[in-house]
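Results of the structural survey
One-letter residues, chain by chain:
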Amino acid sequence: CDFNQNLTDIRLAENGLSGPFTTEIGRLQSLSRIDLSNNKMTGPIPTELSFAESLYQLLLNDNSMTGNLDILSSIPGLEVIDLSSNSFSSTLADGISDIEGLKEFMVDENELTGTVPEEFVKLTNLEILLIQNNNIEGSLADDICDLRENSSNNNGGKLLRFELDCIDKIQCPFNFLQPDCCTRCF
């Protein structure tokens, strides 16, 4: 709780919680962190979560949640999103690139489809991007590699960890100056 006795953190990881995420979460406007990882949560991320204007950390990994990721673009203060090991089945939301302060985006081990949006190159604060073990295919935009910390462009990229299915599904650009765009390929 904060100084005004408003709930700011929900940390209930590994508590055996089950069922859908409550829509009442939108009433907690001072909420800054949610950690419901390693439970048995089901259903989609409720749209009411967009009312939590102070939310910067959303950890829902290792559950059985479903639905799409569109709601994430309406929470502009997010810095850390971990939705890995669920059953989300949409495309990677183009609106994700509008979350300017995003530092960690982990959606590995879901059922996501489509391609890696070119707009991801706008995520200049990104340090971790994990999208492997999904159904994402296609070619990766050349500029995505410039997000890497030691990119040949020296543009101040911060991306330290970038993991995706670049062996079979995604064609990564090859640049002799920067042969390791991905830190780990699956």
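Definitions and limits used
- Residues numbered from 1 in each chain as written.
- Predicted model: local features only at pLDDT ≥ 70, side-chain atom pairs only at ≥ 80, totals over all residues.
- Heavy atoms only, no water.
- Helix = DSSP H or I, 4+ residues; strand = E, 2+ residues; numbered from the N terminus.
- Buried < 20%, exposed > 50% of the residue type's maximum accessible area, 1.4 Å probe, protein only.
- Contact = heavy atoms within 4.5 Å.
- Areas by Shrake-Rupley, 256 points an atom, 1.4 Å probe, with all protein chains shown as cover.
- Core = buried A, V, L, I, M, F, W, Y, C linked by side-chain atoms within 4.5 Å.
- Pairing = 2+ DSSP bridges.
- pLDDT = per-residue confidence, 0-100.
- Phe/Tyr/Trp six-rings, centres within 6.5 Å; stacked < 30°, edge-to-face > 60°.

1. A look at the overall build of the protein
Looking only at helices and strands, the protein features 0 helices and 16 strands. Looking at the protein residue by residue over its 186 residues, the buried ones come to 46%. Summarising the internal contacts of the protein: among those between residues at least 6 apart in sequence, 45% fall at separations of at least 24. Approximately 9,300 Å² of the protein is accessible, and the part contributed by carbon and sulfur atoms is 44%.

2. Description of the nonpolar core
Ranked by size, the top nonpolar core spans 43 residues in total, and within it Ile-34, Leu-72 and Phe-105 carry the most contacts. Once you skip the residues sitting within four places of it in the chain, Phe-105 turns out to touch Leu-69, Leu-72, Ile-81, Leu-92, Ile-96, Phe-120, Leu-126, Ile-128, Leu-129 and Leu-130. Ranked by size, the runner-up nonpolar core spans 5 residues in total, among them Leu-59, Met-106, Ile-128 and Leu-130.

3. Side note on the sheet that holds strand 4 (residues 40-43)
Across a sheet, paired strands are connected by hydrogen bonds in the backbone, their directions being either parallel or antiparallel. Taken in spatial order, the 4 strands line up as 2-4-6-8 in an open sheet, and their pairing is parallel. The sheet terminates laterally at strand 2 (18-20) and strand 8 (87-88), the two strands that pair on one side only. Pairing geometry for strand 4 and strand 6 (residues 64-67), over 2 bridges, is parallel. The residue bridging Gly-43 from the neighbouring strand is Met-65, located in strand 6.

4. Observations regarding the confidence of the model for the protein
In this model, the protein carries an average pLDDT of 84, and 81% of its residues clear a pLDDT of 70 or more. Ignoring residues within four places in sequence, the model shows residues 175-179, a span with pLDDT below 50, making 7 contacts including any to other chains.

5. Describing the environment of Ile-99
Tracing the backbone through its elements, the reader meets Ile-99 in the loop between strand 8 and strand 9 (104-106). A relative accessible area of 0% places Ile-99 in the buried class. Along the primary structure Ile-99 and Ser-74 are separated by 25 residues, whereas in three dimensions their C-alpha atoms are 8.7 Å apart.

6. Some thoughts on the pairing of strand 6
Relative to strand 8, strand 6 is paired through 2 bridges, and the arrangement is parallel. Following the sheet pairing, Thr-66 is matched in strand 8 by Ser-87.

7. Details of the packing of aromatic side chains
According to the stated counting rule, one finds 1 aromatic pair in the structure shown. Judged by centre distance (6.1 Å) and plane angle (75 degrees), the ring pair of Phe-105 and Phe-120 falls under edge-to-face. Separated by 15 residues along the polypeptide, Phe-105 in strand 9 and Phe-120 in the loop between strand 10 (113-114) and strand 11 (128-130) bring together distant segments of the chain. Residue class for Phe-105 comes out buried when judged on its relative accessible area of 0%.

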